Amino acid sequence: MQLQIRLLGTVELSVDGRIATPGPAKRRAVLAGLALEANHPVSLARLTGMVWTEEPPASAVANLRSHAAALRRVLGDRLIARPNAYELNLGPDELDITEFQRLAGEGRGLLVGGEPDAAADPLRAALDCWRGSQAGDGLPRGTALDNRWASLDEQRLQVFEELTEARLAVGEHRPLLSEVRRHLAAHPLRERAWGQLMLALYRCGEVPAALTAYRDAHATLQEQLGIDPGEDLARLHRAVLDRSPDLAHVPQATPIVVAAAVPVTPAAVRVPRELPADLVTFVGRTPEVADVVAAVTGATPAAVVVSGPAGSGKSALAVRAAHAVAADFPEGQVFVDLGYQATVTADEVLARVLRALGVPAAEVPASVDERAGWVRSRIAGHRLLLVVDGVTGAEQVRPLIPAGPGPALIVVGQRQLRSLDGVRRVALGPVGAVGARALVAAFSGADRLKAEPAATAELVRLCAGSVLALRITGARLASRPDLSVAALVDQLRDRRDRLDLLVYEDQSVRSSLALGVAALRSGDELIGRLLKLLGESPDAPALPERTAARLGVSAQRARHALEELVDAHLAQRTDPGGYRLPALVRDYAAELAGPPALLAAHPLTGWRVDPVAA
């Protein structure tokens, strides 16, 4: 069966060359949502958000199953029912969005590579994939798909302007005038297009008209947004006033002059593909992945911080989301791992990104401001995805926040980095019991867990929702077919041995916790002393006043350090006004404190606690 699904305009479906009727708008929305996530399961919860604009009806799931059954009669075994999800299998040439992005990427690569004449054909072909004024035309608006449609509409505008750039580079100035004017009539806030109109007019010898176009752009931006034109457009305006020779049409052998009169350098040619492999055993976290996808395909700044405890699967989730949107960023994906090293500075991160974008190491500027400027220049308006893992402080990634549409940024760390302005935040908590069992089963086999339900429940409890701990225990069971779940649970019950057992090959819960703690300690010397003190009786909540007295600091200073632990998911607030360590952090803190004392009065609360009790 050969399918063709068209979403760049009204939704259309053809099967073996014949048009098929998808049905009512909500059924078309189901088809569109599955096609956008082709070859990946889409949960019923996510499909619900793609179909209904407001609170879904009580019959939403039943309606979705009804729509899926109707679609399966047309799509056959291409539409697969998964547990509480559906998956649509498509080939790379069966969805018009995939073809549009392939052609756009091909043309863009030729353009930045100095071949504007060759770039024009694939860019035109990419625009020809569109059959209407907007993507997903005729589908319900106000749903979770809105960001995807907006992203595609934005990509269409970018491809038109890239085609305009290519045509300017080969001397097609006069034929462009009417097309660019129509483009600006529909999209008057496109500064790049205003620059292209100015350049085309200038090259046609109409200098006064080029200056008038700048005044029109200035007035439009002031009236609608209350801002002045950006530096690129202002620089082009000055160049027109000066009748700069840089604005003249030059042969193809020389660097292309773009709308803002900035030459495209060879450093822009490289297309990085640096994402790590997506985990096969990734389980659950569907809403969180959807939130990250929405953040990087939505409004400017397209940036999101993924935070959570050590071992919560933050990096895996970010990589899963990055792969899900990779087709939306055909100009490359850059992955930088800071390894939770607080000593890594912003200028080192910027240099790493510049090298990934093809700038030779010897040409990377020495100044952090220059490096930030180079990065902004190279990513501005380009569909490039940056993923920075192991971040300990906002200052490490602040210069990478996108300044306009095109690029996107995913930041991964234990802290929520609240000082970063305008970014979305996705915080991970402990994985639930159902997801935890599914993750262990992915390694050890579901039948093995079903045979020992009580022991499995206790294993999940001892892992305390840590994805890393669950993966390690699953791998241990897989490597020891003779080891029962109950036997492993017996080993894990003793807190003194637990972190020694939660190690498998290069994975270690202790090492993961140590990285997070070391990052905090580098910024606040009190953190180490505080954790050691809390580890003396890790099961009891700590009160700031008593803690401050033991540490010899003010209550405000102690509360600040405790809040730092909370921000890094190394402590939790309790009522009334206390703080408690999460389960596995207690084990690590107890190790920092040394051998536990016998049953004794807790120095911070006055309560009597057995620190060895599980």
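Structure: see above.
This report concerns the structure included in the present document. Quantities reported herein were computed from a predicted structural model and do not represent experimental measurements.

About the cut-offs
Residues numbered from 1 in each chain as written. Predicted model: local features only at pLDDT ≥ 70, side-chain atom pairs only at ≥ 80, totals over all residues. Heavy atoms only, no water. Helix = DSSP H or I, 4+ residues; strand = E, 2+ residues; numbered from the N terminus. Buried < 20%, exposed > 50% of the residue type's maximum accessible area, 1.4 Å probe, protein only. Lys, Arg positive; Asp, Glu negative; His and termini not counted. Salt bridge = Lys/Arg side-chain N within 4 Å of Asp/Glu carboxyl O. Polar contact = N/O pair within 3.5 Å; in protein donor to acceptor, adjacent residues only side chain to side chain. Contact = heavy atoms within 4.5 Å. Phe/Tyr/Trp six-rings, centres within 6.5 Å; stacked < 30°, edge-to-face > 60°. Pairing = 2+ DSSP bridges. Axes fitted to C-alpha atoms, helices over the stretch in contact; angles between N-to-C directions. Left-handed = near helix turned anticlockwise from the far one by under 90°. Nonpolar A, V, L, I, M, F, W, Y, C, P; charged D, E, K, R; others polar. Core = buried A, V, L, I, M, F, W, Y, C linked by side-chain atoms within 4.5 Å. Patch = residues over 30% accessible without salt bridge, like charges linked within 9 Å, V, L, I, M, F, W, Y side chains within 5 Å. Areas by Shrake-Rupley, 256 points an atom, 1.4 Å probe, with all protein chains shown as cover.

Quick look at the environment of T343
At step 1: With respect to the helices, strands and loops of the structure, T343 is situated in the loop between β8 (333-337) and α13 (346-356).
At step 2: Distance from T343 to R546, taken between C-alpha atoms, is 32 Å for residues 203 residues apart in sequence.

Quick look at the side chain of R448
At step 1: Relative to the elements of secondary structure, R448 occurs in helix α16 (residues 446-450).
At step 2: Of the side chains with opposite charge, E452 lies nearest to the buried R448, which makes no salt bridge, at 5.7 Å.
At step 3: Among the polar contacts made by the side chain of R448, one reaches the main-chain carbonyl oxygen of L477 at a distance of 2.5 Å.
At step 4: Excluding residues within four positions of it along the chain, R448 makes contact with L477, A478, R480, P481, L483 and V485.

Some details on the packing of aromatic side chains
At step 1: Across all of its chains, the model carries one aromatic pair by this definition.
At step 2: The interplanar angle of 85° and the centroid separation of 5.7 Å between the aromatic rings of F100 and W130 together place this pair among those described as edge-to-face. With a gap of 30 residues between them, F100 in helix α4 (residues 96-112) and W130 in the loop between α5 (116-128) and α6 (146-169) connect regions that are remote in the sequence.

Focus: the sheet that holds strand β9 (residues 385-391)
In a beta sheet, neighbouring strands pair by backbone hydrogen bonds and run either parallel or antiparallel.
At step 1: Strand order in the open sheet formed by five strands is β8-β9-β10-β7-β11, and the pairing between neighbours is parallel. Where the open sheet ends on each side, the last strands, each with one partner, are β8 and β11 (424-427). Across this sheet, the average inter-strand angle for adjacent strands is 15°, counted without regard to direction.
At step 2: Here strand β7 (residues 303-307) runs beside strand β10 (residues 408-413); their pairing, made up of five bridges, is parallel. In the sheet register, V304 faces β10, and the bridge partner there is I410.
At step 3: Contacting β7, β10 and β11, helix α11 (residues 286-296) crosses the sheet at an angle of about 165° to β11.
At step 4: Its contacts with the sheet put α13 on β8 and β9, and the angle it makes with β8 is roughly 145°.

Brief notes about the packing of α4 against α6
At step 1: Following both chains from N to C, one finds α4 and α6 inclined at 35°, their axes separated by 11 Å at the closest point. In terms of crossing hand, the pair formed by α4 and α6 is left-handed. For the pair formed by α4 and α6, the contact residues are I97, F100, Q101, A104, R108 and L111 on the first element and L152, Q155, R156, V159, E162, E165 and A166 on the second.
At step 2: Among the residues forming the contact of α4 with α6, the class breakdown is seven nonpolar, two polar and four charged.

Notes on the pairing of strand β1 (residues 3-6)
At step 1: Side chains of β1 alternate between two faces, with L3 and I5 buried and Q4 and R6 left unburied.
At step 2: Here four bridges tie β1 to strand β2 (residues 12-15), and the two strands are oriented antiparallel to one another. Bridging from a neighbouring strand, I5 pairs with L13 of β2.
At step 3: If you look at the hairpin formed by β1 and β2, you'll find five residues sitting between the two strands, and G9 has a positive phi there, around 135°.

With respect to the nonpolar core
At step 1: Core analysis: the biggest nonpolar cluster contains 53 residues, and I5, L7 and W149 have the highest contact counts within it.
At step 2: Ranked by the residues each element gives to this core, the list is headed by helix α1 (residues 25-36), at seven residues.
At step 3: Discounting chain neighbours no more than four positions away, the residues touching L7 are A32, A35, L36, L95, D96, I97, R131, A135, G136 and W149.

Details of the pairing of β10
At step 1: In terms of residue burial, β10 counts as a mostly covered element, since six of its six residues are buried.
At step 2: The pairing of β9 with β10 spans five bridges and is classified as parallel. Across the sheet, residue L385 finds its bridge partner in β10, namely A408.

Considering a nonpolar patch on the surface
At step 1: On the surface, L189, L225 and I227 cluster together to form a nonpolar patch covering roughly 230 Å² of accessible area.
At step 2: In this structure, I227 sits in the loop between α9 (207-225) and α10 (231-241).

Things to note about α10
At step 1: Every buried residue of α10 is listed here: L233, A234, L236, H237, A239 and V240.
At step 2: For α10, the secondary structure elements touched by its buried residues are α8 (191-203) and α9.
At step 3: A positive backbone phi angle near 50° is found at R243, which sits one or two residues after α10.

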